[in-house]
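# Structure at a glance
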Amino acid sequence: MNARRNTSITLQHNKIEKTASGRQGPWRPLTRMLALTAAIALIPAGAALADPSPSPSDDTAAARTAAARADLGSPTGPVVNATAWGVSGWYQRYTDGYVVSSSLGTFTIGGGLEQTWNVQVHGWPTQNSYRLPTINGWTGNAAYFSRPNQGSYAKGAGYAKAGGPGYFVTGRTFAKFQQLQGLYTLGWPTSQVTGASGSGLSGTYERFDLGLIADTTRYGTRVMNHNTQKYWEPGKFGWPSGDTGAVKTINGYSGWAQYMMRPNQNNPSGAVYARNGNDGYFVQGAIFKHFADKGGLYWAGWPTTNDSIYAPCAMWSQQFTKVGRVGTDARWCPTGNYAGPYLKQAGPGSGNVQHKGYQGTAVYMMQRKLGMSPNKVNSSVWGPQTQALLTQYLAARGRPATTTLDASLWSFLGISYPFNSSTWVSPLKAPVSNTRASHINAAIAWGKTQLGADYLWGGTGNPGATLGYDCSGFQLQMLRAGGLNLTRVSNYYDQYPPSDLSNKMLHDPEMQSVSYNNLQVGDLIFYGTYDGSTPHARHVGMYIGNGQTLQSGGTRVQIMPLSTSSWGWATLGAKRPFTTSSASALAAPGTSTPLSATQFRSVRPQTRLQQRPATDTLWQLNSWNASLPKGKGMQLRGANGVGSWLSVKQGQQINVSTAGGFTVILAGGGHARVVKADASGRLAIPAGVDAALLVPDKDAAGVGVDAPVINLGAVGTALRPH
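Residues numbered from 1 in each chain as written. Predicted model: local features only at pLDDT ≥ 70, side-chain atom pairs only at ≥ 80, totals over all residues. Heavy atoms only, no water.

## A closer look at the pattern of salt bridges
It is possible for side chains bearing opposite charge to pair when their charged atoms get close. For clarity, the threshold we go by: When a carboxyl oxygen of Asp or Glu lies within 4 Å of a side-chain nitrogen of Lys or Arg, that pair is called a salt bridge. The helix and strand labels rest on DSSP assignments: H or I over at least four residues marks a helix, E over at least two residues marks a strand, and numbering proceeds from the N terminus. Accessible area is worked out with a 1.4 Å probe on protein chains only. A residue is then buried under 20% of its type maximum, exposed over 50%, and partly exposed in between.
Across all of its chains, the model carries 8 salt bridges by this definition. Here D279 and K230 are joined by a salt bridge, their closest N and O atoms 3.1 Å apart. You can see D279 sitting in the loop between β19 (269–275) and β20 (280–284) and its partner K230 sitting in the loop between β15 (220–225) and α7 (234–237), a full 49 residues away along the chain. D678 serves as the salt-bridge partner of R682, at 4.0 Å between the closest nitrogen and oxygen. On the basis of relative accessible area, R682 is assigned to the partly exposed category, the value being 46%.

Given below as structure tokens:
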């Protein structure tokens with residue numbers, strides 16, 4: 001009986017510690033294993049030793065005698081004299097094997113071993129090949145071999161599963177194989193001992209059904225098993241510097257691990273980990289350093305892939321069970337299908353063709369070229385008045401009317417800005433190597449450089465001195481400046497009717513949905529109405545910490561308190577553009593002032609919507625709204641800061657009654673214009689108008705030519721999910 005020790009590997013934070021538990025147990029030496037069936041002694045060893053160099057005729061006779069007894073068939077080649085491993089002898093090939101004779105004896109090689117045996121590589125047999133019982137699912141043949149001049153590593157063996165071919169385990173590899181109880185632990189060999197160079201070292205390895213043995217002078221002879229060996233390549237993953245050892249349960253899994261080394265790398269250390277019943281994956285180089293510094297398996301969980309270039313973040317990375325993707329450094333890199341970083345500055349695009357009904361930067365540029373003086377806040381819409389002026393302008397120059405603004409018309413109009421202003425992208429301020437915090441800080445820093453920029457309905461920015469942004473156009477460009485590459489939304493959604501970019505962003509799966517009560521700096525907050533039970537965003541701002549938001553609203557880009565950022569819309573939800581790496585992070589407290597349970601937040605406390613009757617009609621006036629009761633008869637009345645509205649038709653006369661502080665807006669076809677009643681308060685309804693609104697001056701500020709004004713329905717319906 002011999003004592004042996006089982007080594008297990010336990011990961012403690014960033015270290016693999018070896019623990020040993022000794023127990024008594026029988027060795028199963030290969031000699032015992034091979035002795036499971038009787039070997040056939042064809043010629044007494046003494047006879048062979050007595051005449052190590054027989055004459056050729058004696059060689060042939062001995063070979064035929066041995067071949068007949070082993071049923072090797074007929075000779076297929078001559079007797080060949082050979083010297084190998086410090087020993088001379090001879091061998092002869094037969095149909096089903098060899099007869100080999102040396103000072104070690106005369107023996108037969110068959111059962112598949114003869115298919116690959118080479119005396120110069122594998123040495124001289126020291127017994128006849130013979131049948132083994134079923135071990136690890138296979139039966140076959142085996143025999144001992146010797147390379148006498150190799151000292152303590154002279155011994156070896158050959159194994160052939162039924163049908164062959166044979167594979168030979170020699171030298172230091174065979175010594176390790178014996179130590180591990182041979183076929184019982186590693187199974188049958190599936191390759192020869194193979195020389196290899198990789199990671200700055202040369203060595204050998206041999207594969208078996210259940211593992212492999214790798215040997216280098218620097219790290220010794222090491223076994224890889226329990227699936228740690230499956231993807232191993234010395235040139236890619238280095239050489240094992242320890243045997244595979246057991247890992248206790250960590251983050252829900254137990255398994256196996258061992259150290260690996262790549263001595264020619266800047267970060268030479270690594271390891272391979274295999275959960276029980278799963279393949280082993282290698283963690284190496286800068287990823288291993290990052291992984292180990294953070295706490296190893298306890299921090300990241302178990303690897304589920306090997307490393308590879310992750311194109312969206314331009315870095316080597318791999319996936320882990322707990323934290324998802326881990327890369328070579330601390331750069332921000334999202335998981336799953338979330339939006340990733342820009343790898344370089346995005347191009348300005350080729351420009352969007354505009355049509356009647358569109359709005360935004362390009363339309364505003366055309367309006368100014370036509371001699372219009374539209375108010376940016378609500379009037380950069382290609383409506384009836386814009387179309388009439390364009391038609392008149394073109395007719396005066398001999399060109400037909402059109403409802404399309406393409407590059408050709410843009411050039412004809414001589415607009416001073418480039419045609420691709422409509423697809424402008426803000427300058428990238430955060431390279432791909434930045435951390436998540438750096439990306440967010442870069443977005444906010446760029447946004448603050450735009451403070452005071454005009455609000456422009458449908459505006460997404462432009463090259464040179466900016467003409468302005470609306471709420472969603474500003475947020476889109478802020479995220480781009482911070483390095484976020486959103487692929488499902490673009491400037492286009494802010495330009496075509498109904499200028500729905502903020503709603504597209506609310507429902508964009510590339511950004512994480514997060515809790516109001518766990519807002520973090522850089523999160524977007526969406527406000528709006530409900531279409532049935534579906535939220536419809538109509539305004540958006542970015543939380544920048546300390547209870548404040550950065551947004552384009554009212555008449556300019558500004559910083560506003562979180563409690564007054566909704567412009568009267570219902571709070572719908574929050575999104576995290578620069579996503580966190582795991583779901584658990586979403587539940588962690590952010591740097592926010594938690595939102596209260598109050599559903600509606602108004603920028604104007606005196607007109608807080610929750611104080612208005614649910615039967616009022618909600619009218620959208622750009623990025624804010626007005627709650628108005630419907631008037632009676634043909635009377636528009638306004639008092640105490642509350643206006644009214646009427647359904648009207650062309651030719652009707654209405655009466656406007658107010659002590660002042662109100663503005664009359666006529667709306668039709670989604671567009672509006674500001675008018676004044678005559679001295680007696682009477683107003684004639686012109687063509688194309690279907691609603692008359694009496695709005696407090698502060699709510700009507702900026703409404704002008706072709707301003708979009710939309711009836712959203714009853715307050716109680718539009719602002720509450722149902």
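## Observations regarding the sheet that holds strand β12 (residues 194–198)
Short version of the rule: Strand pairing is assigned whenever DSSP identifies at least 2 bridges connecting the two strands. Where helices are involved, their axes are fitted lines through C-alpha atoms of the stretch in contact, as for all axes, and angles between N-to-C directions lie from 0 to 180°. Contacts between residues were defined by any pair of non-hydrogen atoms, one from each residue, lying within 4.5 Å.
Read across the open sheet, the 4 strands follow the order β12-β13-β14-β15; overall the sheet is antiparallel. Bordering the open sheet on either side are β12 and β15, each of which pairs with just one other strand. Along the sheet, successive strands turn relative to each other by an average axial angle of 30°, direction set aside. One ladder, built from 6 bridges, connects strand β14 (residues 211–216) with β15; its direction is antiparallel. Of the residues in β15, the one forming a bridge with I213 is V223. Across the sheet, helix α5 (residues 171–179) touches β13 (201–208), β14 and β15, and the angle it forms with β15 is around 55°.

## Section: the nonpolar core
Operational definition: Working definition of a nonpolar core: buried Ala, Val, Leu, Ile, Met, Phe, Trp, Tyr and Cys residues. They are joined through side-chain atoms within 4.5 Å.
The biggest cluster of nonpolar side chains holds 34 residues, and the ones touching the most others in it are L479, L486, M505 and L524. Among the secondary structure elements, those contributing two or more residues to this core are α13 (436–449), α14 (471–481), α16 (501–506), β29 (524–531), β30 (534–545) and β33 (570–576). It is α14 that contributes the most residues to this core, 6 residues altogether.

## With respect to the packing of aromatic side chains
Basically, it comes down to this: The aromatic pairing rule takes the rings of Phe, Tyr and Trp, using the six-membered ring of Trp, and pairs them if the centres are within 6.5 Å, calling planes under 30 degrees apart stacked, those over 60 edge-to-face and the rest tilted. Should the NZ of a Lys or the CZ of an Arg lie within 6 Å of a ring centre and within 35 degrees of the ring normal, that charge is described as sitting over the ring.
Overall, the coordinates contain 27 aromatic pairs when judged by the stated rule. Summarising the aromatic geometry, the rings of W332 and F578 are spaced 5.4 Å apart at their centres and angled 70° between planes, so their arrangement reads as edge-to-face. Here F578 lies in the loop between β33 and β34 (617–621) and W332 lies in the loop between β23 (324–327) and β24 (340–341), a separation of 246 residues in the sequence. You'll find W332 and F578 in the same group, each marked buried. The interplanar angle of 70° and the centroid separation of 6.1 Å between the aromatic rings of Y493 and Y496 together place this pair among those described as edge-to-face. Taken together, the ring pairs in this structure connect Y144, Y159, F174, F177, W188 and F208 into an aromatic cluster. One residue, R325, lies across the ring of Y310, its end atom 3.3 Å from the ring centre. Of note, R399 hangs over the ring of F412, and the distance from its end group to the ring centre comes to 4.2 Å.

## Digging into helix α8 (residues 285–294)
Buried within α8 are the following residues: G285, I287, F288, H290, F291 and A292. Looking one or two places after α8, you find G295, whose phi comes out positive at around 125°.

## A closer look at the environment of A687
Structurally, A687 is set in the loop between β41 (682–684) and β42 (691–696). Counting along the chain gives 36 residues from A687 to G651, while the straight-line C-alpha distance between them is 7.6 Å. Sequence-distant contacts of A687, that is, excluding residues within four places in its chain, are made with Q650 and R673.

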